[in-house]
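Topology and contacts: notes
This is what each chain is made of:
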Amino acid sequence: MKRSITKVALCLTLLLTCGTGMAHAEEQGIMHEQRKVNYNGSNFILDLIRVDLKDPTIQIKAAAANHEVGTVQDFTSMMSDNDAAVGINGTFFDAFTEDIEYRTPYGIVMNNNDLFYGGDKETSITVSTDKEASVQRLAIGSNVQAGRFGSRLNGVDVYHGDQARSAWMFTKDYGDVADEPGIKIVIGQDQKVVSVSEEAVLIPSGGRVLLLSTDYSLEQVSKQVKAGDKFSMSQTVTNLDTKQTSPLERYQMAIGAGPKLLTGGQVDIDFERDRFNDPLVTSQANVRSFAGVDGDGKLVVGTISYSTIEQMANVLVQVGMTDAINLDGGASSALYYKGKVLRKPGRLLSNVLIVQQADKPLVQLSVNGHLAENKTGYIEDGMTMVPFRVLLNRMNADYVWNPDDSSLHITRGKLKVDLKLGNDWAEVNGQSVTMDTVPQIVNGRIYVPLRFVAEALGAQVKWDDTLYRASVTLDEGK
């Protein structure tokens, strides 16, 4: 993936009032600093990377090694596999079990449609879909129930391969057919089970398919799930301090680690609250990693030379951070910046926090107030393009893709739109209309011009220039 687009270079003057160091100004909202800060007579060396979350080319994600909980992977390979521009080690994990093939993470590792692990380390660095970073104590819930069968849900419209005791959910956003190995439970638009099978199945319009891993047997599942049984799914995030529960779709990313270091620009260390009692964390000095927010609202990740938790927290106040948590440290400390490993870990890692940077601005899509999770469009030559399935499924439109002539035929009520790849014209209710851009394939996915298609199907489109969010409102009378 390319990681740069032409922009006017931004000249920055960094006032190093708290210490000495060198800053590297970068385009597109990512800046790397090397800092030397004095606290209580001791000098500490920091590598800091500040990320402007409002930059529309940027996405923040949590990533598990090999896309599978419990495995470990070389840090550099994790950066390459995830097209990372920036990366840092994430939550703690079991690095010392005799079985080196399984290393359990201890904290939350999740994206809003891809729950790698729920974890028991509640203090988390989060990024919301409103592009705001924060530190919160969280509890994650992602579960499904079909008949008498219940399971934790690994992800929606993503699939990382067959994994023990896993469950994946596919909608029409994923495709027309679910043919992955395992048990397929087809759920209709009325949220009732249609069938249970090991064979490939069609994903129903308005419904979904629940895929169970191959370690479940058809005989076993069929005893618990039958046609006509009710289906339910719950994906929530609860803030343990405010007790407020929100839909998972409001969180772009979360990684749980700790302990908390800063709140509102003040040192806020409470080992008992954050459930840490290991001297390696609570009292001993070590190389450490951290993540948090600065006074400008930027996401900040970085590493610091040998320090205690208390020393690190006070140093981070000096470099302008307001809220922060400790990440896994010691031999796990790792930091990557645009092709260069700034801190090489001493072991294979379980999970990371990464920053991806696209070659064009990315667009969030909202239909009738509901975000399309991590399904994003992009802007090219001033035109907003979105995946056709993601848009049309949420507009409750019917569509047929004809691979023979690369044409897309859409109907919604009495409205009809016909498009063709590479053509700058379309037919709207039988009338030929010229479009400002053409439908195209990017990374195997078909993208269509958002405003043209939405408005042709009777919807209105509003644009949020701060969030780069296109909001589609349906006129149900059409």
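Read on for an overview of the structure. (Residues numbered from 1 in each chain as written. Predicted model: local features only at pLDDT ≥ 70, side-chain atom pairs only at ≥ 80, totals over all residues. Heavy atoms only, no water.)

**Some details on the overall build of the chain**
- What the chain contains, in helices and strands, is 6 helices and 40 strands.
- Whereas a compact globule of 478 residues would reach a radius of gyration of roughly 23 Å, the chain reaches 24 Å, a difference of no more than 12%.
- The principal-axis extent of the C-alpha atoms belonging to the chain is close to 75 × 60 × 40 Å.
- When contacts within the chain are restricted to residue pairs at least 6 apart in sequence, those whose partners lie at least 24 apart make up 61%.
- Carbon and sulfur atoms provide 47% of the accessible area of the chain, an area that totals close to 20,900 Å².
- Charge centroids of the chain, computed over 47 positive and 59 negative side chains, lie 2 Å from each other. (Helix = DSSP H or I, 4+ residues; strand = E, 2+ residues; numbered from the N terminus. Rg over C-alpha atoms; globule rule 2.2 N^0.38 Å. Contact = heavy atoms within 4.5 Å. Areas by Shrake-Rupley, 256 points an atom, 1.4 Å probe, with all protein chains shown as cover. Lys, Arg positive; Asp, Glu negative; His and termini not counted. Charge placed at Lys NZ, Arg CZ, Asp CG, Glu CD.)

**Re the sheet that holds strand E40 (residues 469-474)**
- Taken together, the 7 strands give an open sheet; going across it, the order is E37-E38-E31-E30-E29-E40-E39, and neighbouring strands pair in mixed fashion. The open sheet has two free edges, formed respectively by strand E37 (440-442) and strand E39 (459-464), since each of these has just one partner strand. Neighbour to neighbour, the strand axes of the sheet diverge by 35° on average, direction disregarded.
- Strand direction decides the pairing type here: strand E29 (residues 362-367) and E40, joined by 4 bridges, are parallel. Across the sheet, residue Leu365 finds its bridge partner in E40, namely Ala470. (Pairing = 2+ DSSP bridges. Axes fitted to C-alpha atoms, helices over the stretch in contact; angles between N-to-C directions.)

**What to know about the layout of surface pockets**
- Space inside the largest pocket adds up to approximately 1,400 Å³.
- What lines the largest pocket is a set of 44 residues, among which Lys61, Asn374, Asn443, Arg445 and Tyr447 lie closest to the centre.
- Taken together, the elements giving at least two residues each to the lining of the largest pocket come down to strand E4 (58-64), strand E7 (114-117), strand E28 (351-357), strand E30 (370-380), helix H5 (388-394), E37 and strand E38 (445-449).
- No other element matches the 5 residues that E30 contributes to the lining of the largest pocket.
- Counted by class, the lining of the largest pocket contains 18 nonpolar, 15 polar and 11 charged residues.
- Space inside the second largest pocket adds up to approximately 870 Å³.
- Looking at the second largest pocket, it is lined by 32 residues, and the ones nearest its centre are Thr171, Asp173, Arg208, Asn393 and Arg394.
- For the lining of the second largest pocket, the elements supplying multiple residues, two or more each, are strand E18 (231-239), E30 and H5. (1 Å grid on protein atoms, 1.4 Å probe; cavity = no way out; pocket = protein on both sides within 12 Å on 5 of 7 lines; lining within 4 Å. Points joined across faces, edges and corners; volume = space filled by probe spheres on them. Nonpolar A, V, L, I, M, F, W, Y, C, P; charged D, E, K, R; others polar.)

**Quick look at the packing of aromatic side chains**
- Summed over all chains, the structure comprises 8 aromatic pairs.
- Between the aromatic rings of Phe149 and Tyr216, the centroid separation amounts to 5.4 Å while the plane-to-plane angle is 80°, which identifies the pairing as edge-to-face. Of this pair, Phe149 sits in strand E10 (residues 149-152) while Tyr216 is found in the loop between strand E17 (208-212) and helix H2 (218-222), placing the two residues 67 residues apart along the sequence.
- Of the residues examined, Tyr216 reaches a relative accessible area of 7% and is grouped as buried.
- Put simply, the rings of Tyr159, Trp168, Phe170 and Tyr174 pair up and form one aromatic cluster.
- We note Lys121 situated over the ring of Phe276; from NZ or CZ to the ring centre the distance is 4.2 Å.
- One residue, Lys360, lies across the ring of Tyr378, its end atom 5.1 Å from the ring centre. (Phe/Tyr/Trp six-rings, centres within 6.5 Å; stacked < 30°, edge-to-face > 60°. Buried < 20%, exposed > 50% of the residue type's maximum accessible area, 1.4 Å probe, protein only. Lys NZ or Arg CZ within 6 Å of the ring centre and 35° of its normal.)

**Here we look at the environment of Val433**
- Positionally, Val433 belongs in strand E36 (residues 431-434).
- Note on Val433: relative accessible area 30%, which makes it partly exposed.
- When the C-alpha positions of Val433 and Phe452 are compared, they lie 10.0 Å apart, and in sequence the two are 19 residues distant.
- When near neighbours in sequence (up to four residues on either side) are disregarded, Val433 contacts Asp424, Trp425, Ala426, Val428 and Phe452.

**Brief notes about unusual backbone geometry**
- Residue Pro259 follows Gly258 across a cis peptide bond; omega there is 0°.
- Mapped onto the fold, Pro259 is located in the loop between strand E20 (251-256) and strand E21 (260-263).
- One non-glycine residue, Asn40, lies in the positive phi region at around 50°.
- Along the chain, Asn40 falls in the loop between strand E2 (30-39) and strand E3 (42-51).
- Its identity is not glycine, yet Ser406 carries a phi of approximately 55°, on the positive side.
- Looking at the secondary structure, you find Ser406 in the loop between strand E32 (398-402) and strand E33 (407-412).

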